[in-house]
Amino acid sequence: MDNVVKKVARVLLVEDDEDDYILTSDHLSQLDSHLFEIDWVTNPTEALEQLSLGEHDICLLDYQLGAYNGLTVLETASKNGCSIPIIMLTGQSDETLDQSALAAGAVDYLVKGEITTSRFARAIRYALARQEIENERVERINAETQNQSKDRFLAHLSHELRTPLTSILGYTEILLNGNKAPDAKSELNIILNNGQHLLGLLNNVLDLSKIAVGKLEYNFSKINLDSFIADIFSLMQVHAADKTLKLVIREDSPLPLEIFSDPIRLRQVLINLLHNGIKFTDQGQIELSIWTEFVDNKEVLAFKVSDTGQGIPEAMLETIFKPFEQVEDFISRKEQGAGLGLSICSELIKHMGGSIHVQSLLNQGSEFTFTIDPGDIITQERAILAFEQKHLPSYSLSFPQLQGQVLVVDDMEDIRLLIGQICLSFGLKVTYASNGLEALEQFKLATAEDRCFDIALMDIHMPKLDGKRTIKQLRELGYSKPIIAVTAATMKGVKQELLALGFNQIVAKPINKAELHRSLKNYLKVENPPNTQRVLVVEDDEDAADVTVLLLGSLGIEALKVQTAKACQDLLNKESNWTTILLDLHLPDANGLDLAESIKQLHPDITLILVSGESVNEKTLTKAGIDKAILKPINLEILKNLI
Ligand code: ADP
């Protein structure tokens, strides 16, 4: 028994008779259940003082305190909110008295003559157990309150950080796309990159803190695997091309056309892994393989992202999916990052019903393999997917969209794809050829199918058949549409030679998007969809409001800002022909959700978009009549997709 550590219980003994005090404390000390620390007081005033401090686990209260009645102490203590269990000690058994003691808040009553019995021990144990439960309850409430205030703080912090980021990223994008600061492009790109990095970190920290309290929301839905992967692929290909790396997809067997998972989270994981692959690889390629396999008799979807990069030291492999591991050697690291990405991936994958593993060899490369539960795919139709780039993210959405089919001829795959991506973002259809011979073949094929390229973009130095000989042969075959030379050699002499050969125009490498657009616009039809959209921006942060209006303006959309809910309602009373309203969640005079509800009642046709710095759950949005919610910071791409 000696080496068992007993719990300590603090007892307040209210007793005016010293003999009784000695007797009671003697018996207490003989009880095995606890180690009792006894504080002895002799009168009601002291008793109430001690009880109000709430430092004891239990109180034994004598009924007869000299001239006073213990019941008065009991009643006053209860009134004062005392939560310590009080056991009333009486001189003799008296039922009426016992009943009044219980009514006044005592947890039990004992006759002094009985304190040697097991009933005494039981009463004490019971009262203490009760107190323990009560303490746990109070602790839990405190923890919950703390969590709630932490959540509120994080939501607030998120909003506070995202609002200024909207201005930083938005204005940078405007300057980069316009001609206002032609000399400062590289500096602006630095601001943009760092702003985006900051946003990434913010998202990671918020995700992780939500994961920690189980508050991260998942939304499972059907996913069209083909266009889903194509989207991610074309986005990451641009980053790979920036480092002249190849990004390839491998698919050895047919895949289900549709899966069921959380598209946002799956995209987040794939982008994180591909992004890391590109970041830590200087030459070679990044490969994304996708297949299905059986795990415990259930067919799962597996992804592998492998690279030919620097690899990961063995010691680090064990901790790579744990949060904050990266922080230790933060200073010595050349790459930025807090080491949160992979731990978030690992959590997200768990929620998608799978797991992630890594293998790596220093200086040879790394392989991240993960599975997810794709829902019931057994009966799903399968095919070798083309990963067609149906939903391409646009490069710069401020360029008016063009119409036509373009043939992109370049032997360097990265450059060819880059030019192609830019053309796609201008709204053009793209066909590729990797040298002059292929270009001729593509032309013949198109003619045979009764199609025609509206324009060709042609590299000059190419193997097999160079640009100069290709244009000659194309013209001989009857191709009369414009051909633009895309070349790094733009000295005057070369230019004249190319023009003399029949090139309509020369565009310099490296490609400047605006210049390419200007050149293409000379020959192609500009798509001019009538834009009847009118967007009202309700945002109290003036900078964020202005930048949103400007970004919308650059998309050719009429937009106006108001900064309060009242101004919004006043305006709607005067003019109701707004197609869309972007609503900030926190307005000085109202909550965006309440405002939305009142607008929806009067103007059910207006599309309401909530713009917030924190995520709001679906139910709340539906209740307020909000059609869509987006997270700050807003950028051109988001607006273009929305409106
Ligand atoms: P962060 O959030 O800082 O980008 P991650 O959790 O995504 O961090 O990655 C943690 C660390 O793991 C990286 O900083 C890097 O040291 C290492 N790492 C991750 N992926 C790769 C990779 N493909 N090749 C080499 N190192 C990698």
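About the cut-offs
- Residues numbered from 1 in each chain as written.
- Predicted model: local features only at pLDDT ≥ 70, side-chain atom pairs only at ≥ 80, totals over all residues.
- Heavy atoms only, no water.
- Pairing = 2+ DSSP bridges.
- Helix = DSSP H or I, 4+ residues; strand = E, 2+ residues; numbered from the N terminus.
- Axes fitted to C-alpha atoms, helices over the stretch in contact; angles between N-to-C directions.
- Contact = heavy atoms within 4.5 Å.
- Phe/Tyr/Trp six-rings, centres within 6.5 Å; stacked < 30°, edge-to-face > 60°.
- Buried < 20%, exposed > 50% of the residue type's maximum accessible area, 1.4 Å probe, protein only.
- Salt bridge = Lys/Arg side-chain N within 4 Å of Asp/Glu carboxyl O.
- Core = buried A, V, L, I, M, F, W, Y, C linked by side-chain atoms within 4.5 Å.
- Patch = residues over 30% accessible without salt bridge, like charges linked within 9 Å, V, L, I, M, F, W, Y side chains within 5 Å.
- Areas by Shrake-Rupley, 256 points an atom, 1.4 Å probe, with all protein chains shown as cover.
- UniProt positions renumbered as here; feature names shortened; annotations may be inferred.
- Lys, Arg positive; Asp, Glu negative; His and termini not counted.
- Charge placed at Lys NZ, Arg CZ, Asp CG, Glu CD.
- Expected span 1.5 Å × (residues − 1).
- Polar contact = N/O pair within 3.5 Å; in protein donor to acceptor, adjacent residues only side chain to side chain.

The next subject is the sheet that holds strand S12 (residues 285-295). Judged by pairing direction, the sheet is mixed, and its five strands sit side by side in the order S9-S12-S13-S15-S14 without closing on themselves. The strands lining the two open edges of the sheet, one partner per strand, are strand S9 (246-250) and strand S14 (356-361). If you compare each strand with its neighbour and ignore which way they point, the axes differ by 15° on average. By the bridge criterion, 10 bridges tie S12 to strand S13 (residues 298-307) in an arrangement that is antiparallel. Following the sheet pairing, Glu287 is matched in S13 by Ser306. Packed on one face of the sheet, helix H7 (residues 225-242) meets S9, S12 and S13 and runs near 160° to S9. Packing of helix H8 (residues 263-279) onto the sheet brings it into contact with S9, S12, S13, S14 and strand S15 (365-372), and relative to S15 it is tilted by some 175°.

On to the packing of aromatic side chains, then. Applying the stated rule across the entire model yields five aromatic pairs. Ring centres 5.3 Å apart and planes at 80° place the aromatic pair Phe443 and Tyr479 in the edge-to-face group. With Phe443 in helix H12 (residues 436-448) and Tyr479 in the loop between helix H13 (467-477) and strand S21 (483-487), this residue pair connects regions lying 36 residues apart in the sequence. Residues Phe443 and Tyr479 agree in their burial class; the two are buried.

Looking now at the sheet that holds strand S3 (residues 58-62). Here we have five strands laid out as an open sheet, ordered S2-S1-S3-S6-S7, and parallel in their pairing. Since the sheet does not close on itself, it has two edges, and those belong to strand S2 (34-41) and strand S7 (108-111), each with one partner. The average angle at which neighbouring strand axes cross in this sheet is 25°, direction not considered. For strand S6 (residues 86-90) and S7, the ladder comprises four bridges, and the chain directions are parallel. Paired with Thr90 across the two strands is Val111, which belongs to S7. On top of the sheet, helix H2 (residues 44-53) reaches strand S1 (7-14), S2, S3 and S6; it is set at about 150° to S1, its chief contact.

Below, the discussion takes up the pattern of salt bridges. Here the structure, examined in full by the defined rule, presents 26 salt bridges. Between Lys7 and Glu132 there is a salt bridge, with its nearest N and O atoms 2.9 Å apart. Of the two residues, Lys7 is situated in strand S1 and Glu132 in helix H5 (residues 118-177); the sequence distance between them amounts to 125 residues. Judged by its relative accessible area of 46%, Lys7 is partly exposed. Judged by its relative accessible area of 33%, Glu132 is partly exposed. What emerges from the salt-bridge pattern is a single network uniting Glu15, Asp20, Asp62 and Lys112.

Ranked by size, the top nonpolar core spans 49 residues in total, and within it Ile229, Leu266, Leu270, Phe303, Phe368 and Phe370 carry the most contacts. For this core, the secondary structure elements donating two or more residues are helix H6 (185-212), H7, H8, S12, S13, helix H10 (341-351), S14 and S15. It is H7 that contributes the most residues to this core, eight residues altogether. Sequence-distant contacts of Leu266, defined by excluding residues within four places in its chain, comprise Ile223, Phe228, Ile259, Phe303, Met352, Phe370 and Ile372. Ranked by size, the runner-up nonpolar core spans 23 residues in total, among them Ala596, Ile599, Ile606 and Leu621.

To continue, consider a nonpolar patch on the surface. There is a patch of nonpolar side chains on the surface, built from Phe153, Leu157 and Leu161 and spanning about 260 Å² of accessible area. In this structure, Phe153 sits in helix H5.

Now for the side chain of Thr371. Counting through the fold element by element, Thr371 comes out in strand S15. Contact partners of Thr371, with chain neighbours within four places excluded, come to Glu293, Val300, Leu301, Ala302, Ile349, Gly354 and Ser355.

The next subject is the environment of Leu583. Of note, Leu583 is situated in strand S26 (residues 580-584). When the C-alpha atoms of Leu583 and Thr564 are compared, they prove to be 10.0 Å apart, with 19 residues separating the residues in sequence. Each residue touching Leu583, except ones within four places of it in the same chain, is listed here: Val538, Gly592, Leu595, Ala596, Ile599, Leu608, Ile609, Leu610 and Val611.

A few words now on the UniProt feature "modified residue: 4-aspartylphosphate" (unreviewed entry) in the chain. Cross-referencing UniProt, the feature "modified residue: 4-aspartylphosphate" (unreviewed entry) maps to Asp62, Asp459 and Asp584 in the present numbering. Maximum C-alpha separation among the annotated residues is 101.9 Å over a sequence range of 523 residues, too wide for a single clustered spot. Considering the arrangement of structural elements, one finds Asp459 in strand S20 (residues 455-459). Setting aside its immediate chain neighbours within four residues, Asp459 contacts Val409, Asp410, Asp411, Gly467, Val486 and Lys509. For Asp584, the location among the structural elements is in strand S26. Residue Asp584 is classed as buried on the basis of its relative accessible area of 1%. Each residue touching Asp584, except ones within four places of it in the same chain, is listed here: His159, Val538, Glu539, Asp540, Gly592, Leu610, Val611 and Lys632.

Our next topic: a negative patch on the surface. A cluster of acidic side chains, namely Asp16, Asp17, Glu18 and Asp19, defines a negative patch on the protein surface. Note that Asp19 resides in helix H1 (residues 18-30). Note on Asp19: relative accessible area 57%, which makes it exposed.

This paragraph deals with the pairing of S12. Regular strands have side chains that alternate between both faces of the sheet. Inspection of the sheet shows S9 paired to S12 by five bridges, in the parallel sense. The partner of Arg250 across the bridge, within S12, is Ser289. Remark: two residues form the turn of the hairpin made by S12 and S13, two consecutive strands paired antiparallel; Asp296 in that turn has positive phi of roughly 50°.

With that settled, consider H7. The end-to-end C-alpha distance of H7, which contains 18 residues, comes to 26 Å, matching closely the 26 Å that a straight helix rising 1.5 Å per residue would cover. The buried fraction of H7 amounts to 14 of the 18 residues, a majority that puts the element mostly inside the structure. The N-cap of H7, judged by a side-chain oxygen 3.0 Å from the amide nitrogen of Asp226 a few residues on, is Asn224. At the exit of H7 stands Thr244, carrying a positive phi of roughly 45°.

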